Amino acid sequence: MPMRKKYAIIVAGGAGKRFGSELPKQFLMLDGRPVICHAIDAFYKALPDIQIIIGLGIGYESIWESICAEYYPEQDIWRSRGGEERFHTVRNALACITESARWQADALYGVHDAARPLVSPELIRRCYEQADQYQSAIPAIAIEDSLRKVELEGDSHVEDRSRFRRIQTPQVFGEAIHQAYLQDYRPDFTDDASVWEAFGN
């Protein structure tokens, strides 16, 4: 990997409403460790010198502090404030990075969801390598299900699934991600790539 500084924003701002649990799924136990730890561990295995920033939902500070003290007592993991939407959580984390006295410009910035614990170190490395070369990289999975497009009139028709991909995280970008996140929030900003693309990248 190149010598550029690497940051990883792990978004842990969700409240787990769709999951139906009182405790957000990123804090539930999986194979003896909190779900969020599996994501963090994968980043450290992929890139041991990476700087991790947790975008934490409001009200879960004490839970995170307990996890950090138990599993990462010697790691310098930064914490930033979660926002109303995922977009705002990432924006706050990017501001946390630039406001740090240790911030290094011309870096690579990855964003990953804390509730995706099975990401592999190899995928993480590939995303950062590709972003170093092309300024952005996102993992995508081919769709195996049949797809139908529903029209406003209620009719539907089959779509060619070979033309579609399911987009995953981590999503990794160059320095321009900071400018992209200065845009006003839009409901169609469902991931970081949509924010990046709307800025003209």
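Scroll up to find the structure this text is about.
Being a predicted model, the structure only gives us computed values, none of them experimental. (Residues numbered from 1 in each chain as written. Predicted model: local features only at pLDDT ≥ 70, side-chain atom pairs only at ≥ 80, totals over all residues. Heavy atoms only, no water.)

## Comments concerning the overall build of the protein
- Each helix and strand in the protein was counted, giving six helices and twelve strands.
- Computed over C-alpha atoms, the radius of gyration of the protein comes to 18 Å, within 12% of the 17 Å expected from 2.2 N^0.38 for 201 residues, which places it in the range of a compact globule.
- If one aligns the C-alpha atoms of the protein with their principal axes, the spans along those axes are about 55 × 40 × 35 Å.
- Taken across its 201 residues, the protein has 43% of its residues classed as buried.
- Considering only contacts within the protein whose residues lie at least 6 apart along the sequence, 69% involve residues at least 24 apart.
- Surface exposure of the protein reaches about 11300 Å², of which carbon and sulfur atoms provide 48%.
- With 23 positive and 30 negative side-chain charges, the protein shows a spacing of 2 Å between the two charge centroids. (Helix = DSSP H or I, 4+ residues; strand = E, 2+ residues; numbered from the N terminus. Rg over C-alpha atoms; globule rule 2.2 N^0.38 Å. Buried < 20%, exposed > 50% of the residue type's maximum accessible area, 1.4 Å probe, protein only. Contact = heavy atoms within 4.5 Å. Areas by Shrake-Rupley, 256 points an atom, 1.4 Å probe, with all protein chains shown as cover. Lys, Arg positive; Asp, Glu negative; His and termini not counted. Charge placed at Lys NZ, Arg CZ, Asp CG, Glu CD.)

## Digging into the pattern of salt bridges
- Across all of its chains, the model carries ten salt bridges by this definition.
- R4 is the partner of D132 in a salt bridge, and the nearest nitrogen-oxygen pair spans 2.8 Å. Note that D132 is positioned in helix 4 (residues 121–134) and R4 in the segment before strand 1 (6–12), a separation of 128 residues in sequence.
- We classify D132 as partly exposed; its relative accessible area is 23%.
- Of the residues examined, R4 reaches a relative accessible area of 15% and is grouped as buried.
- Residues D41 and R33 are paired through a salt bridge, measuring 3.1 Å at the closest nitrogen-oxygen approach.
- Given the relative accessible area of 17%, D41 is considered buried.
- Linked by salt bridges that have partners in common, R86, D113, R116 and D192 make up one network. (Salt bridge = Lys/Arg side-chain N within 4 Å of Asp/Glu carboxyl O.)

## Describing the pairing of strand 9 (residues 147–150)
- The pairing of strand 9 with strand 10 (residues 156–159) spans four bridges and is classified as antiparallel. Its bridge partner lying in strand 10, V150 is registered against S156.
- The turn joining strand 9 and strand 10, which pair antiparallel and follow one another in sequence, is formed by five residues; a positive phi near 100° is taken by G154. (Pairing = 2+ DSSP bridges.)

## Let's talk about empty space enclosed by the protein
- As enumerated under the stated definition, the model contains one cavity of 30 Å³ or more in all.
- What the largest cavity holds in volume is close to 30 Å³.
- Lining of the largest cavity is provided by R86, F87, Y181, F189, T190, D191, D192 and V195.
- Elements with a contribution of two residues or more to the lining of the largest cavity: helix 3 (86–99) and helix 6 (192–198). (1 Å grid on protein atoms, 1.4 Å probe; cavity = no way out; pocket = protein on both sides within 12 Å on 5 of 7 lines; lining within 4 Å. Points joined across faces, edges and corners; volume = space filled by probe spheres on them.)

## Re the packing of helix 1 (residues 35–46) against helix 2 (residues 61–71)
- At their nearest, the axes of helix 1 and helix 2 sit 11 Å apart, and the two run at 50° to each other. Taken together, the axes of helix 1 and helix 2 lie oblique to each other. For the element pair helix 1 and helix 2, the recorded crossing hand is right-handed. Contacts from I36, C37 and I40 in helix 1 reach W64, I67 and Y71 in helix 2.
- Looking at the contact of helix 1 with helix 2, its residues break down into six nonpolar, no polar and no charged. (Axes fitted to C-alpha atoms, helices over the stretch in contact; angles between N-to-C directions. Parallel < 35°, antiparallel > 145°, perpendicular 65-115°, else oblique. Left-handed = near helix turned anticlockwise from the far one by under 90°. Nonpolar A, V, L, I, M, F, W, Y, C, P; charged D, E, K, R; others polar.)

## Observations regarding the nonpolar core
- Ranked by internal contacts, the top residues of the largest apolar core, which has 31 residues, are I36, I40, I52, I54, W64 and Y128.
- Of all the secondary-structure elements, those providing two or more residues to this core are strand 1, helix 1, strand 4 (51–56), helix 2 and helix 4.
- Formed by 21 residues, the second largest nonpolar core is a distinct cluster that contains V11, A93, L94 and V111. (Core = buried A, V, L, I, M, F, W, Y, C linked by side-chain atoms within 4.5 Å.)

## Structural notes on unusual backbone geometry
- In this model, T169 is joined to P170 through a cis peptide bond whose omega is 15°.
- Within the secondary structure layout, P170 lies in the loop between strand 11 (165–167) and strand 12 (171–173).
- The backbone of D31 sits at a positive phi, close to 55°, despite the residue not being glycine.
- Although it is not a glycine, Q135 sits at a positive phi angle of roughly 80°.
- Take Q135: its relative accessible area is 33%, and that puts it in the partly exposed class.

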